[in-house]
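Chain by chain, the residues run as shown.
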Amino acid sequence: MTDEKGRIYVRTYETDGKGGTAVDVFDASGLYVARFFVPEDADTITVRNDKLYAIVKESGSGNPLVKRYALRWK
């Protein structure tokens with residue numbers, strides 16, 4: 001998926017051994033810039049305004065629960 005700044009987010013099959021799956025980030029020209037981990041059971045939806053949105057599970061009533069992660073760029 002991509003964000004509004006053209007960065008490309010690629011979920012990999014690599015894990016951190018603590019229940020997280022790696023997401024690699026590339027800039028608009030394809031240059032690798034970062035890696036972070038999200039919970040394995042999280043289904044990433046979109047990235048907007050330096051926030052990653054993911055469905056983490058469904059509530060008891062069957063509604064999806066969305067978690068928002070802040071992305072800090074150095």
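Our subject is the structure that appears above.
Model, not experiment: these values are computed from the prediction.

Cut-offs and rules
Residues numbered from 1 in each chain as written. Predicted model: local features only at pLDDT ≥ 70, side-chain atom pairs only at ≥ 80, totals over all residues. Heavy atoms only, no water. Pairing = 2+ DSSP bridges. Helix = DSSP H or I, 4+ residues; strand = E, 2+ residues; numbered from the N terminus. Buried < 20%, exposed > 50% of the residue type's maximum accessible area, 1.4 Å probe, protein only. Patch = residues over 30% accessible without salt bridge, like charges linked within 9 Å, V, L, I, M, F, W, Y side chains within 5 Å. Areas by Shrake-Rupley, 256 points an atom, 1.4 Å probe, with all protein chains shown as cover. Salt bridge = Lys/Arg side-chain N within 4 Å of Asp/Glu carboxyl O. Axes fitted to C-alpha atoms, helices over the stretch in contact; angles between N-to-C directions. Polar contact = N/O pair within 3.5 Å; in protein donor to acceptor, adjacent residues only side chain to side chain. Contact = heavy atoms within 4.5 Å.

Draft legend 1. Just the pairing of strand β4 (residues 43-48), in detail. Examined bridge by bridge, β4 and strand β5 (residues 51-58) share 5 bridges and lie antiparallel to one another. Bridging from a neighbouring strand, T44 pairs with A54 of β5. Hairpin remark: β4 followed by β5, antiparallel, with 2 residues in the connecting loop; positive phi at N49, about 50°.

Draft legend 2. Spatial organisation of unusual backbone geometry. The phi angle at N49 is positive, at roughly 50°, despite the residue not being glycine. Looking at where N49 falls in the secondary structure, it is placed in the loop between β4 and β5. We classify N49 as exposed; its relative accessible area is 61%. Notably, D50 is not glycine yet its phi reads approximately 60°, a positive angle. Residue classification places D50 among the partly exposed residues on the basis of a relative accessible area of 21%.

Draft legend 3. View of a nonpolar patch on the surface. On the surface, a nonpolar cluster with roughly 270 Å² of combined accessible area is contributed by L31, V33 and W73. With respect to the helices, strands and loops of the structure, W73 is situated in the segment after β6 (64-70). A residue is classified by how much of its surface remains accessible, and W73, at 33% relative accessible area, is partly exposed.

Draft legend 4. Seen up close, the sheet that holds strand β1 (residues 8-15). Reading across the sheet, the 3 strands line up as β1-β2-β3 and stay open at both edges, with antiparallel pairing between neighbours. If you trace the sheet from one side to the other, it starts and ends with β1 and β3 (32-39), each paired once. With strand direction ignored, the average angle separating the axes of adjacent strands in the sheet is 30°. One ladder, built from 7 bridges, connects strand β2 (residues 20-26) with β3; its direction is antiparallel. Counted as the bridge partner of F26 is Y32 from β3.

Draft legend 5. Here's a closer look at the side chain of D24. Note on placement: D24 falls in strand β2. In this structure the side chain of D24 is engaged in a polar contact, spanning 2.7 Å, whose partner is the side chain of R35. Those residues within four positions of D24 in sequence are excluded, and the remaining contacts are I8, Y9, V10, T12, Y32, A34 and R35.

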